[in-house]
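Overview (structure and organization)
This is what each chain is made of:
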Amino acid sequence: MTAAEPDGVAARPEWLRLSGACHCGNLALTFETACDPGVLAVRACGCSFCRRHGGRTVSDPQGRVEFVVRDPALLNRYSFGLGTAQFLVCRTCGVYVGAVMADAGSAYAIININALHTPEVFAQAAVPVSYDRESATERRARRRALWTPATVV
Ligand SMILES: [Zn+2]
């Protein structure tokens, strides 16, 4: 809660800051959103990569995500299929923390909520999704619209 506001002025929503990491700690992430986590869509992508990891992902185009890499040599930027995104996987412990798409000098990301320290804030069921039929152009457009502005440092 914010401090008292003048009458008639709605308090600005607090930004929620969620942190996570891979199992060994080489890859850390911070996801910030002004949304109640309960209203964000949790997606279970049906592609053969996400299915094998049991990935459950969220994004907020009005939010922010930062991935912090302790040792870049131990980060696997795994890419497959149309090659339009890099899936960030720790070479040491094997955890998939999220995916990033570079686009026109910007970057957009999803996070794997399984890698959060408090995944239980997302109590809603994951919605199965399939993007198999998208072209690369459609895929980029969807991610620009729905993924979270991101940095990888
Ligand atoms: Zn790790």
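Refer to the preceding data block for the structure.
Residues numbered from 1 in each chain as written. Predicted model: local features only at pLDDT ≥ 70, side-chain atom pairs only at ≥ 80, totals over all residues. Heavy atoms only, no water.

1. Considerations on the coordination of the zinc ion
Here the zinc ion is held by the protein donor atoms C22 (SG), C24 (SG), C90 (SG) and C93 (SG), which lie 2.2 to 2.4 Å from it. Coordination at the zinc ion is tetrahedral, judged from the four donor atoms that bind it and the angles of 101 to 122 degrees they form at the metal. Linear spacing of the donor residues for the zinc ion on their chain is C-x1-C-x65-C-x2-C. With a gap of 68 residues between them, C22 in the loop between β1 (16–21) and β2 (27–33) and C90 in strand β7 (residues 86–90) connect regions that are remote in the sequence. For C90, a relative accessible area of 2% puts it in the buried group. (Donors = N, O, S within 2.8 Å, 3.2 Å for Na, K, Ca; no water. Tetrahedral: all angles 85-135°; square planar, octahedral: opposite > 155°, others 65-115°. Helix = DSSP H or I, 4+ residues; strand = E, 2+ residues; numbered from the N terminus. Buried < 20%, exposed > 50% of the residue type's maximum accessible area, 1.4 Å probe, protein only.)

2. Things to note about the side chain of E134
Tracing the backbone shows E134 in the loop between β10 (127–129) and α2 (136–146). A residue is classified by how much of its surface remains accessible, and E134, at 17% relative accessible area, is buried. For E134, the residues in contact, after removing those within four places along its chain, are L82, R139 and R142. (Contact = heavy atoms within 4.5 Å.)

3. What to know about the pattern of salt bridges
A side chain of one charge can pair with a side chain of the opposite charge when the charged atoms of the two come close. Following the criterion strictly, the structure yields six salt bridges and no others. The salt bridge partner of R142 is E134, with a shortest N-O separation of 2.5 Å. A single burial state applies to R142 and to E134, both of which are buried. The network of salt bridges with common partners includes R17, E32 and R64. (Salt bridge = Lys/Arg side-chain N within 4 Å of Asp/Glu carboxyl O.)

4. Topic: the nonpolar core
Counting residues in hydrophobic clusters, the biggest one holds 23 residues, and the most contacted among them are L29, F31, F67, V97, I111 and F122. Mapped by element, the contributors of at least two residues to this core are β2, β5 (64–69), β7, β8 (96–103) and β9 (106–112). If we skip the residues at most four places from it in the chain, V97 touches A21, C22, L27, L29, F67, L88, I111, N112 and A115. Counting 15 residues, the second-largest nonpolar core is a separate cluster that includes A99, M101, Y108 and Y131. (Core = buried A, V, L, I, M, F, W, Y, C linked by side-chain atoms within 4.5 Å.)

5. Topic: the pairing of β7
Most of β7 sits inside the fold, with four of its five residues counted as buried. Where strand β6 (residues 75–78) and β7 come together, four bridges link them in antiparallel fashion. In the strand pairing of β7, N76 is matched with V89. In this sheet, β8 lies alongside β7 in antiparallel orientation, the contact comprising four bridges. The residue of β8 that forms the bridge with V89 is Y96. As consecutive antiparallel partners, β7 and β8 are separated by five residues, and within that stretch G94 has a phi angle of approximately 85 degrees, a positive value. (Pairing = 2+ DSSP bridges.)

6. Topic: the packing of aromatic side chains
Overall, the coordinates contain seven aromatic pairs when judged by the stated rule. Taken together through their ring pairs, the aromatic side chains of F49, Y78, F80, F87 and Y96 make up a single cluster. Sitting over the ring of Y131, R142 keeps its end group 3.5 Å from the ring centre. (Phe/Tyr/Trp six-rings, centres within 6.5 Å; stacked < 30°, edge-to-face > 60°. Lys NZ or Arg CZ within 6 Å of the ring centre and 35° of its normal.)

The values reported here are purely geometric and, on their own, carry no functional implication.
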